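Structural description and commentary
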Amino acid sequence: MDIRKEVVDRFLRYVRIDTQSKEGVEDRYPSTEKQLQLARLLVDELKDLGLEEVQLDQHGYVTATLPQNIPPDTKAASNLPTVGLLAHLDTYPEVSGKNVNPIIHKNYSGGKIVLPQLPDSPILPRDNPELERYKGDDIITSDGTTLLGADDKAGIAEIMTMLARLRSDLSLPHPRIRVGFTPDEEVGNGTKYFDVKAFAADVAYTADGSGMGEVEDETFCADSANIQIKGIDVHPGYAKGKMVNAVRLAAEFISKIPIKHTPETTEGRESYLHPYQITGNVSEAKLVTLVRSFDQEGLDQMKAMLERAKQEVLKNEPRAEIRIDIKESYRNMKEVLDKYPEIVKCAEAAIQQCGMTPVRKAIRGGTDGARLCFVGLPTPNLSASMPVRRGQGIT
Ligand SMILES: [Zn+2]
């Protein structure tokens, strides 16, 4: 079968299965049962392809092995790594993934893309300049009522198609390949129960990126800051000189974070502070702030800014108490990947062999690979060719 047709057929099959994950679920993993429906389908398909050690574990991780086909006693077989390929099962929790109706826009000629069920909100090249590159290609979107789920079913479809290809053409030499499909990536828990030891790969790649030909070997260094502000609650009618209002102090604290260091004003390699959650009352307010930078120095600068905000608020209101607790989320995977430059180089060579120009990029976020890098599995991210627009439409 034509490989392009095969990858599209698989993709269309996978996106029709609703695998939305859910934020804030503590008492079960994966966060939604429906992700397992796709997991089970993939298990069947991996078995049909003749892969070995096909497994769906108790947490919803699908793993399988394609043994190397290079004779072990040859020179080519010496020092061959086991290569892992990873993609995630779930889709973004904020936009419905139910009854996805994929639409193929044949031979895209440029300009806006109208989604039939969302005609007033077309996908515009102005907002998505990367569309320009796909002139003459077919573009797949949802009908506008749901997300599409290309993130990351494009990655799954690509990996499955590649496995099918390697199984049908035994003349293509390959090392031992381990495949992993993981749940709950979109809610930040993709690797929570992932058994790196049992996966037993030497290197891995996630297929979870956007523009064609991109290799991502850098992520943010990420911390979160929990800021607790204690005030003094007094009957407001008799509060003069006594009340210390934690709600007002929380607002003041936020106002001290310079606007030029926030997500809405930064891009590229710039750091930011993102106060994104606030709860509380007069006696106590809590503020959660994301701290993001590409290196430790940048993180320290951002944290110093929080400390300054604290000191300024306390200067105006010394009776308040303010505590800042910093929690580490993940670190820039480049720290690890720089030790094994051949991993990214191999990916770039492969991209070149496919007639594309490799582009190295830094992710203004994290990946499952970033976490895996720090538990012994160096894992950069490869493009899964899913452009543009989170939410209804493409992603
Ligand atoms: Zn993804």
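As a reminder, the structure under discussion sits directly above these lines.
Basis of the calculations
- As a convention, each chain's residues are numbered from 1 in the sequence order in which they are written.
- Whole-chain, interface and lining totals are the exception, using all residues; otherwise, since this is a predicted model, local features are given only for residues with pLDDT of at least 70 and side-chain atom pairs are given and counted only at 80 or more.
- Hydrogens and water molecules were not included; the side-chain quantities draw on all heavy atoms of the structure.
- Each helix corresponds to a stretch of at least 4 residues labelled H or I by DSSP, and each strand to a stretch of at least 2 residues labelled E; elements are numbered beginning at the N terminus.
- Burial here depends on accessible area, computed with a 1.4 Å probe over protein chains only, as a share of the maximum for the residue type. Under 20% is buried, over 50% is exposed, and the range in between is partly exposed.
- In this description, contact between two residues means that some pair of their heavy atoms is separated by no more than 4.5 Å.
- We call two strands paired when DSSP finds no fewer than two bridges between them.
- Throughout, an axis means a line fitted to C-alpha atoms (over the contacting stretch in the case of helices), and angles, computed between N-to-C directions, take values from 0 to 180 degrees.
- With respect to orientation, any angle under 35 degrees is reported as roughly parallel, any angle over 145 as roughly antiparallel, any angle of 65 to 115 as roughly perpendicular, and every other angle as oblique.
- Throughout, a crossing is termed right-handed when the near helix is turned clockwise from the far one, and left-handed when it is turned anticlockwise from it by less than a right angle.
- Think of it as three bins: nonpolar holds Ala, Val, Leu, Ile, Met, Phe, Trp, Tyr, Cys and Pro, charged holds Asp, Glu, Lys and Arg, and polar takes everything else, Gly as well.

Another aspect to go through is the side chain of threonine 182. With respect to the helices and strands, threonine 182 occurs in strand 6 (residues 177–182). The exposure class of threonine 182 is buried, given its relative accessible area of 5%. In this view, threonine 182 contacts Tyr61, Ala87, His88, Leu89, Asp90, Gly190, Phe194 and Asp368; residues no more than four positions away in its chain are not counted.

Our focus in this paragraph is the sheet that holds strand 10 (residues 272–280). Sheet architecture is open: 4 strands sit in the order 10-11-9-12, paired in antiparallel fashion. Every interior strand has two partners, whereas the edge strands, strand 10 and strand 12 (321–330), have only one. Averaged over all pairs of adjacent strands, the angle between their axes in this sheet comes to 20°, without regard to strand direction. By the bridge criterion, 8 bridges tie strand 10 to strand 11 (residues 284–293) in an arrangement that is antiparallel. Bridging from a neighbouring strand, isoleucine 278 pairs with leucine 287 of strand 11. Set on the sheet, helix 5 (residues 246–255) makes contact with strand 9 (221–230), strand 10, strand 11 and strand 12; between it and strand 11 the angle comes to about 15°. Together, strand 9, strand 10, strand 11 and strand 12 form the strand contacts of helix 6 (residues 296–316), whose direction differs from that of strand 11 by roughly 155°.

The next thing to look at is the packing of helix 5 against helix 6. Working note: a packed helix pair is described by the angle between its axes plus the distance between those axes. In the contact formed by helix 5 and helix 6, the axes pass within 9 Å of each other and the chain directions differ by 135°. Relative to helix 6, helix 5 is oriented oblique. Crossing hand, helix 5 versus helix 6: right-handed. Residues Leu249, Glu252 and Phe253 of helix 5 touch helix 6, and the partners they reach there are Leu306, Ala309, Lys310, Val313 and Asn316. Classifying every residue of the contact of helix 5 with helix 6 gives 5 nonpolar, 1 polar and 2 charged.

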